[in-house]
Amino acid sequence: MPIPHRPSPAIAAIALTGVLAAACTVGPDYQRPALGLPTAFHNAPAAAAPATPPQATDGDAWWLAFHDPELTRVVEAALAGNQDLAGAEARLRQERSLARLAGANLLPAAQLTGQAAAQHQSLDSPLGEIASHFPGYSRDQAQYDLGAGASWEIDLFGGDRRAAQASRADAKAAQAGLAAVRLSVAADAADAYLQIRALQARLDIAARQEATARDLAALVERRRGEGVASEREAHQARAALEGVEARVPPLKAALEAQAARLAILMGQVPGADRDLIDHRAAAPDAPRPTAADGPAGLLRRRPDVVAAERRLAAADARIGAAIGDYYPKVSLAGLLGVESLSTANLFTNGAYQPQAIAGLRWRLFDFGRIDAEVDGAKARRAEALAAYRQTVLRAAGDVETAFSALIESEAETDALARQIDDLTQARSQAQMAYANGAVSLIEVLDADRGVLDASERLAQARADADRAAVAAYRALGGGWSA
């Protein structure tokens with residue numbers, strides 16, 4: 001078919017419509033709000049000491065920095081089996097489908113229709129009674145039609161495009177939300193694992209202290225049999241042993257609770273896997289996460305911040321979608337079809353039945369409904385802005401808190417290790433002096449309590465340092481990037 005030198009009026013109208021639609025988009029264009037964040041974290045210099053880099057191919061696998069194969073196994077099992085993560089993945093698929101739907105609504109829709117109908121006419125109906133008097137009338141009737149149609153509501157002023165922008169921003173928020181759930185699951189699994197190791201260490205300390213207390217009680221009984229120690233001292237020694245024994249049940253209960261928590265995180269029935277509890281191992285050394293890019297890096301690395309910012313962008317776009325209702329909606333529709341009473345004539349010129357429709361829809365008098373919708377969209381945008389700012393502030397606070405906890409836990413660990421060395425020597429000296437009758441039993445019991453308390457505090461401080469490192473990775477976004 002030759003191409004005409006001058007476009008037809010219909011083609012010119014469609015081209016003009018496309019130009020107008022591309023050039024006019026109502027509502028504000030989104031800009032990320034300025035937050036005035038500081039350039040560095042207050043505690044970052046002390047916490048940013050270089051550490052051995054993890055051997056990882058995935059920058060998100062921050063748990064490899066602990067160099068603990070069992071921790072890696074636990075975290076990866078949680079990421080594979082966690083049900084909250086599966087739900088977040090389903091939500092992401094939902095949001096992406098809605099974004100595709102919103103984009104598809106901007107494009108024309110075409111459809112093919114066909115119908116074949118057969119009818120045996122009643123002679124007692126008004127139509128049958130009249131038609132039966134005409135020559136050649138047949139009560140058996142058939143009708144066939146076939147058509148191809150297209151329709152398009154033209155987005156002249158961009159309200160629908162703003163709605164599509166909002167849906168895409170919601171999909172990106174859901175993607176960041178999935179990353180936030182993934183980070184939370186990994187951090188919770190690591191936290192549960194580290195608490196299990198800390199409780200196991202405290203149980204080992206209690207077992208060693210129980211053996212020491214039992215030896216002391218036996219020594220007092222021997223001295224009592226020799227007439228050197230009193231019955232009161234024997235009761236004191238047994239009471240000290242029973243006090244150590246009483247520390248064990250709460251530790252075992254806490255251990256079972258953490259094991260159940262970890263099993264649920266891994267998508268397992270609590271109690272199904274006992275290997276982690278039955279096979280004890282030392283807790284790993286806490287790494288030191290770095291934050292060289294400061295608080296500003298949280299805006300692109302921390303998934304909950306990214307999700308909040310994308311929700312703000314979606315709320316911004318929905319203002320334009322609401323404003324778009326102030327303007328008219330133009331729609332075009334066309335149908336190329338054929339209709340006949342017999343299949344033999346279906347594709348003849350006489351059966352040809354085209355149709356064209358142009359429509360206009362404009363909400364001129366709605367008594368302030370559009371105003372209310374626009375005001376509501378602006379209020380939701382203000383709420384999303386406040387939520388975004390609060391999320392950023394909370395994220396920066398989480399990092400500062402985690403870094404501070406990590407630094408102070410390390411300092412506490414060093415001090416307690418030195419204290420235990422001194423207390424252990426003092427305790428040995430006190431028992432020797434008691435055996436020689438130089439000191440009373442009270443001094444030995446005091447030394448025992450000091451060693452036990454300091455040892456438990458050391459195990460807890462090491463666990464706190466590990467958990468603070470996990471919290472720092474969580475607060476920094478875990479290496480995730482959009």
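Owing to the predicted nature of the structure, the values given are computational and were not obtained by experimental measurement.

Asker: For this particular structure, what's the right way to read the layout of surface pockets?
Answerer: Here the idea is plain: a probe the size of a water molecule rolls over the atoms and shows the empty space left. For the largest pocket, the calculated volume is near 480 Å³. The leading source of residues in the lining of the largest pocket is helix α6 (residues 159–225), at eight residues. Considering only residue class, the lining of the largest pocket consists of 13 nonpolar, three polar and nine charged.

Asker: How should I be thinking about the sheet that holds strand β1 (residues 109–120) in this particular structure?
Answerer: Strand-to-strand pairing in sheets goes through backbone hydrogen bonds, with the strands running parallel or antiparallel. Read across the open sheet, the four strands follow the order β1-β2-β3-β4; overall the sheet is antiparallel. Each edge of the open sheet is held by one strand with a lone partner, namely β1 and β4 (355–361). Pairwise comparison of adjacent strand axes, ignoring direction, gives a mean angle of 20° for this sheet. Direction of pairing for β1 relative to strand β2 (residues 140–154): antiparallel, over a ladder of twelve bridges.

Asker: How do you make sense of the side chain of Ser167 when you look at a structure like this?
Answerer: Examined against the element boundaries, Ser167 turns out to sit in helix α6. For Ser167, the contacting residues outside a window of four places in its chain are Glu95, Leu98, Ala99 and Ala102.

Asker: Would you mind going over the packing of helix α12 (residues 369–435) against helix α13 (residues 441–476) with me for this structure?
Answerer: Describing two packed helices takes the angle between their axes plus the distance from one axis to the other. Closest axis-to-axis distance for the α12/α13 pair is 7 Å, and the angle between their directions is 160°. Relative to α13, the element α12 is oriented roughly antiparallel. Here the hand of the crossing between α12 and α13 comes out left-handed.

Asker: Even after reading the chapter, I still don't get helix α11 (residues 303–323), so can you show me in this structure?
Answerer: Residues separated by three or four positions in an α-helix point in the same direction, a consequence of the helix having 3.6 residues per turn. If you check α11, its first and last C-alpha atoms are 31 Å apart, about what 21 residues at 1.5 Å a residue would give, namely 30 Å. The element α11 is largely enclosed, with a buried count of 18 among its 21 residues.

Asker: Where do I start with the packing of α6 against α13 in this structure?
Answerer: Packing of α6 against α13 brings their axes to within 9 Å, and their N-to-C directions diverge by 170°. Considered as vectors, α6 and α13 are oriented roughly antiparallel to each other.

Asker: Looking at this model, I keep getting lost on helix α4 (residues 83–104). Mind explaining?
Answerer: With 22 residues, α4 extends 32 Å from end C-alpha to end C-alpha; this agrees with the ideal 32 Å at 1.5 Å per step. By the burial criterion, the buried members of α4 are Leu85, Ala88, Leu92, Ala99 and Ala102. The buried residues of α4 occupy one face: seen down the axis, they fall within an arc of 95°. Exposed residues on α4 whose side chains face more than 90 degrees from its buried face are Gln83, Arg93 and Arg100.

Asker: In this structure, what is going on with empty space enclosed by the protein? I would like to understand it.
Answerer: One pass over the structure, following the stated rule, counts two cavities of 30 Å³ or more. Put simply, the second largest cavity is a space of about 40 Å³. In the lining of the second largest cavity, the residues fall into five nonpolar, three polar and two charged.

Asker: Is there a simple way to explain the nonpolar core in this structure?
Answerer: Proteins that are soluble and globular tend to have nonpolar side chains buried together. Residues Trp62, Trp63, Phe66, Val75 and Leu262 are the most contacted members of the largest nonpolar core, which totals 44 residues. Elements with a contribution of two residues or more to this core: α3 (69–81), α4, α6, α8 (248–265), α9 (275–278) and α13. Those residues within four positions of Val75 in sequence are excluded, and the remaining contacts are Trp63, Ala186, Ala189 and Ala190. Grouped together as the second largest cluster of nonpolar side chains are 19 residues, Leu298, Ala396, Ala472 and Ala475 included.

Asker: I keep staring at the pairing of strand β3 (residues 329–340) and nothing clicks. Help me out?
Answerer: A regular strand places its side chains so that they alternate between the two faces of the sheet. Of the strand pairs in this sheet, β2 and β3 are connected by eleven bridges, and their pairing is antiparallel. Bridge pairing links Ala148 to Leu336 in β3. One ladder, built from seven bridges, connects β3 with β4; its direction is antiparallel. Bridging across to β4, Gly334 finds its partner in Ala356.

Rules and cut-offs
- Residue indices begin from 1 for each chain and proceed along its sequence in written order.
- Local features are withheld for residues below a pLDDT of 70 in this predicted model, meaning they are given only at 70 or higher, and side-chain atom pairs are given and counted only at 80 or more; totals for whole chains, interfaces and linings count all residues.
- Remark: hydrogens and water are excluded; side-chain values derive from all non-hydrogen atoms of the structure.
- The definitions used throughout rest on a 1 Å grid laid over the protein atoms alone, on which a cavity is an enclosed set of points accommodating a 1.4 Å probe that cannot get out and a pocket is an open set flanked by protein within 12 Å on both sides along at least five of seven lines; lining residues are those having an atom within 4 Å of a point.
- Grid points are joined across faces, edges and corners, and a volume is the space filled by probe spheres set on the points.
- What counts as a helix is a DSSP run of H or I of at least four residues, what counts as a strand is a run of E of at least two, and both are numbered from the N terminus.
- The classification used treats Ala, Val, Leu, Ile, Met, Phe, Trp, Tyr, Cys and Pro as nonpolar, Asp, Glu, Lys and Arg as charged, and all other residues, Gly among them, as polar.
- Two strands are said to pair when DSSP picks up at least two bridges between them.
- In this description, a line fitted to the C-alpha atoms serves as the axis of each element, helices being fitted only across the stretch in contact, and the angle between N-to-C directions of two axes falls anywhere from 0 to 180 degrees.
- Any two residues having at least one pair of non-hydrogen atoms within 4.5 Å are treated as being in contact.
- Throughout, the term roughly parallel applies to angles under 35 degrees, roughly antiparallel to angles over 145, roughly perpendicular to angles from 65 to 115, and oblique to all others.
- A clockwise turn of the near helix away from the far one marks a right-handed crossing, whereas an anticlockwise turn of less than a right angle marks a left-handed crossing.
- To estimate how far a helix should extend, the number of its residues minus one is multiplied by 1.5 Å.
- Note on exposure labels: buried denotes an accessible area under 20% of the residue type's maximum, exposed denotes more than 50%, and partly exposed covers the range between, all computed with a 1.4 Å probe on protein chains only.
- By definition, the arc is the one covered by directions from the helix axis to the C-beta atoms.
- Throughout this description, the term nonpolar core refers to a set of buried Ala, Val, Leu, Ile, Met, Phe, Trp, Tyr and Cys residues connected via side-chain atoms within 4.5 Å.

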